[in-house]
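Residues per chain are reported as follows:
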Amino acid sequence: MRLVEISPSHVTAFKHRRLPDGARTTHYDMTVMRHCIEVARHQWGYFLASNPFDAVKKPKLGKGRQRRVSKEELEKLKAAASYSHATYLWPIIEFALATGMRQSEMTALRWEDVDVAKRLITVRDTKNGENRWVPMSKSAIDCLSSLERNTERVFDTTSEAVRQSWRKLIKR
């Protein structure tokens, strides 16, 4: 199909095919494709009277939620983690709660990026490609001080191993 042949009905059909993957995904895809058509119209000289994406409503996004783990949930997690063969699991959970870091950031974290004196963690190669700094609370420092420093990485495991251990944990 040529660009000039895309109509609002095509966009609507795309939207309905994509919605089973989630409203946020569909919304994002429609935003990107709308922008691509705008670039073609305004920068590449494609003549289109209008952008077909402008005639189709994007799916509504649910409100984000902010929630903390309750003390009871935390106790259950800790109890379940105590039965796990993955000895890294509880420290990673505890550290995640203390820092808000992503799983991939924690499994990539190296001891050289932890500055206890300044109470800062340097997170390298983040999701957006920029370094960022995470302040360390007392509980984050306590968690790190309970770990052995026998490898370069703070948590000597992979993101996939953590994912699998987490799945097993939440089934308990």
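Details of the structure are given in the entry above.
Residues numbered from 1 in each chain as written. Predicted model: local features only at pLDDT ≥ 70, side-chain atom pairs only at ≥ 80, totals over all residues. Heavy atoms only, no water.

A. Representation of the overall build of the chain in the model. Within the chain, the secondary structure is distributed over 7 helices and 3 strands. Listed by position from the N terminus, the elements making up the chain come as α-α-α-α-α-β-β-β-α-α. Here the C-alpha atoms of the chain give a radius of gyration of 23 Å, more than 25% beyond the 16 Å that 2.2 N^0.38 yields for 172 residues. Referenced to the eigenvectors of the C-alpha coordinate spread, the extents of the chain come out at roughly 65 × 35 × 25 Å. Contacts in the chain between residues at least 24 apart in sequence constitute 55% of all its contacts with a sequence separation of at least 6. If you sum the accessible surface of the chain, you get close to 12,300 Å²; carbon and sulfur atoms cover 52% of it. In the chain, 32 side chains carry a positive charge and 20 a negative one; their mean positions are 7 Å apart. (Helix = DSSP H or I, 4+ residues; strand = E, 2+ residues; numbered from the N terminus. Rg over C-alpha atoms; globule rule 2.2 N^0.38 Å. Contact = heavy atoms within 4.5 Å. Areas by Shrake-Rupley, 256 points an atom, 1.4 Å probe, with all protein chains shown as cover. Lys, Arg positive; Asp, Glu negative; His and termini not counted. Charge placed at Lys NZ, Arg CZ, Asp CG, Glu CD.)

B. A look at the side chain of T122. Looking at the element boundaries, T122 is found in strand β2 (residues 120–123). Of the polar contacts made by the side chain of T122, one reaches the side chain of W133; its length is 3.2 Å. If sequence neighbours within four positions are ignored, T122 has contacts with L109, D113, R132 and W133. (Polar contact = N/O pair within 3.5 Å; in protein donor to acceptor, adjacent residues only side chain to side chain.)

C. Structural view of the pattern of salt bridges. Inspection of the entire model under this criterion finds 11 salt bridges. Notably, a salt bridge pairs E105 with R102, separated by 3.2 Å at the nearest N-O pair. Owing to a relative accessible area of 38%, R102 belongs among the partly exposed residues under this scheme. With a closest N to O distance of 3.5 Å, R153 and D156 form a salt bridge. Taking relative accessible area as the criterion, R153 reaches 25% and is therefore assigned partly exposed. A relative accessible area of 52% places D156 in the exposed class. (Salt bridge = Lys/Arg side-chain N within 4 Å of Asp/Glu carboxyl O. Buried < 20%, exposed > 50% of the residue type's maximum accessible area, 1.4 Å probe, protein only.)

D. Just the packing of helix α4 (residues 89–99) against helix α6 (residues 138–145), in detail. In the contact formed by α4 and α6, the axes pass within 8 Å of each other and the chain directions differ by 155°. If you check the angle between α4 and α6, you find them roughly antiparallel. Regarding α4 and α6, the two cross each other, and that crossing is left-handed. Of the residues in α6, those touching α4 at P91, E94, F95, A98 and T99 are S139, A140, C143 and L144. Each residue belonging to the contact of α4 with α6 can be placed in one class, and the counts come to 6 nonpolar, 2 polar and 1 charged. (Axes fitted to C-alpha atoms, helices over the stretch in contact; angles between N-to-C directions. Parallel < 35°, antiparallel > 145°, perpendicular 65-115°, else oblique. Left-handed = near helix turned anticlockwise from the far one by under 90°. Nonpolar A, V, L, I, M, F, W, Y, C, P; charged D, E, K, R; others polar.)

E. Summary view of the environment of V162. Note on placement: V162 falls in helix α7 (residues 159–171). Excluding its chain neighbours within four sequence positions, the residues that come into contact with V162 are Y88, I92, Q103, T107 and T157.

F. Layout of the side chain of E105. Examined against the element boundaries, E105 turns out to sit in helix α5 (residues 103–108). With residues near it in sequence (within four places) discarded, E105 still touches V123, T126 and R132.

As far as function goes, none of this settles anything; it's purely spatial.
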